[in-house]
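# Structural overview
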Amino acid sequence: MAYVVAEPCIKCKYTDCVEVCPVDCFYEGANFLVIHPDECIDCGACEPACPTKAIFPEDSLPTKWSEYVRLNAELCKTWPNISEKKDPLPDAEQWKDVEAKRQYLEK
Ligand code: SF4
Ligand code: F3S
């Protein structure tokens, strides 16, 4: 099992999760982050760190976001690693509580 980044991260990308991950297993796209499922050690540190509550253990991921298991596993193969916190996206506060952001995911 691994932890999974789901839809609430899209267009926010606060990166607080990156700062607490002991194994640097986050990978960065233009407006979303993913976790490499083979590198995550299931420590759980990232889950409470995320301001949008985007991170879940795979076995408690809401079913409406089940697609994100596959998206994390696929996108981590081509996106660059991110190991340091950076500023969130400029409109993060506006997008934080918006639902249904899947259409905006930039691959
Ligand atoms: Fe990193 Fe731990 Fe989160 Fe896995 S659960 S992504 S190892 S902080
Ligand atoms: Fe995204 Fe939350 Fe990390 S918004 S970048 S999963 S802190």
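Our structure's up above, just so we're on the same page.
Counting of residues starts from 1 at the beginning of each chain's written sequence and follows it residue by residue. In the order they appear in the text, chains get letters beginning with A and ligands get numbers beginning with 1. Given that this is a predicted model, residues contribute local features only at a pLDDT of at least 70 and side-chain atom pairs are listed and counted only at 80 or more, while totals for whole chains, interfaces and linings are drawn from all residues. Computation of side-chain values covers all heavy atoms of the structure but excludes hydrogens and water.

### Looking at the overall build of the protein chain
The line we're drawing: Numbering of helices and strands starts at the N terminus; helices are DSSP runs of H or I of at least 4 residues and strands are runs of E of at least 2. To sort residues, take the accessible area from a 1.4 Å probe on protein chains only and compare it with the maximum for the residue type: under 20% means buried, over 50% means exposed, and anything in between is partly exposed. Contacts are residue-level and defined by heavy atoms, with any inter-residue pair within 4.5 Å sufficient. Computed with a 1.4 Å probe, the accessible areas rest on the Shrake-Rupley method; for each residue, only the protein chains presented here act as cover.
Counting secondary structure elements, the protein chain contains four helices and five strands. Going residue by residue from the N terminus, the α and β elements of the protein chain occur as β-α-β-β-α-β-α-β-α. Overall size of the protein chain, expressed as C-alpha extent along the three principal axes, is 30 × 30 × 25 Å. The buried share of the protein chain, reckoned over its 107 residues, is 46%. Residue pairs at least 24 apart in sequence account for 76% of intrachain contacts in the protein chain once pairs closer than 6 positions are excluded. Carbon together with sulfur atoms contributes 48% to the accessible area of the protein chain, which is approximately 5700 Å² in total.

### Details of the site of ligand 2
Just so we agree on the cut-off: Residues are labelled near a given molecule or strand when at least one of their non-hydrogen atoms is within 4 Å of it. Each residue gets one of three labels, nonpolar for Ala, Val, Leu, Ile, Met, Phe, Trp, Tyr, Cys and Pro, charged for Asp, Glu, Lys and Arg, and polar for the others, Gly among them.
Contacts to ligand 2 come from Val-5, Cys-9, Lys-13, Tyr-14, Thr-15, Asp-16, Cys-17, Leu-33, Cys-50, Pro-51, Thr-52 and Ile-55. Split into classes, the residues belonging to the shell around ligand 2 amount to eight nonpolar, two polar and two charged.

### A closer look at the site of ligand 1
Residues in close proximity to ligand 1 include Tyr-3, Cys-21, Pro-22, Val-23, Cys-25, Phe-26, Ile-35, Cys-40, Ile-41, Cys-43, Gly-44 and Cys-46, which together make up its full environment. Among the residues forming the shell around ligand 1, the class breakdown is eleven nonpolar, one polar and no charged.

### A short note on the pattern of salt bridges
Pairing of side chains with opposite charge becomes possible as their charged atoms draw close. For clarity, the cut-off: One speaks of a salt bridge when a side-chain nitrogen belonging to Lys or Arg is within 4 Å of a carboxyl oxygen belonging to Asp or Glu.
Under the defined criterion, the tally for this structure stands at six salt bridges. Here Lys-13 makes a salt bridge to Glu-28, at a shortest N to O gap of 2.8 Å. One end of the pair, Lys-13, is in the loop between strand E1 (3-5) and helix H1 (16-20); the other, Glu-28, is in strand E2 (residues 26-28), and 15 residues separate them in sequence. A salt bridge links Lys-86 to Glu-28; the nearest nitrogen and oxygen atoms lie 2.8 Å apart. In this pair, Lys-86 is assigned in the loop between strand E5 (81-82) and helix H4 (92-95) and Glu-28 in strand E2, connecting sequence segments 58 residues apart. Residue classification places Glu-28 among the buried positions, given a relative accessible area of 14%.

### A look at the sheet that holds E5
Sheet strands pair by backbone hydrogen bonding; their relative direction is either parallel or antiparallel. Test applied: Here, any two strands with at least 2 DSSP bridges between them count as paired.
Pairing in this open sheet of three strands is antiparallel, and the strands run E3-E2-E5 from one edge to the other. Since the sheet does not close on itself, it has two edges, and those belong to strand E3 (33-35) and E5, each with one partner. The pairing of E2 with E5 spans two bridges and is antiparallel. Counted as the bridge partner of Tyr-27 is Asn-81 from E5.

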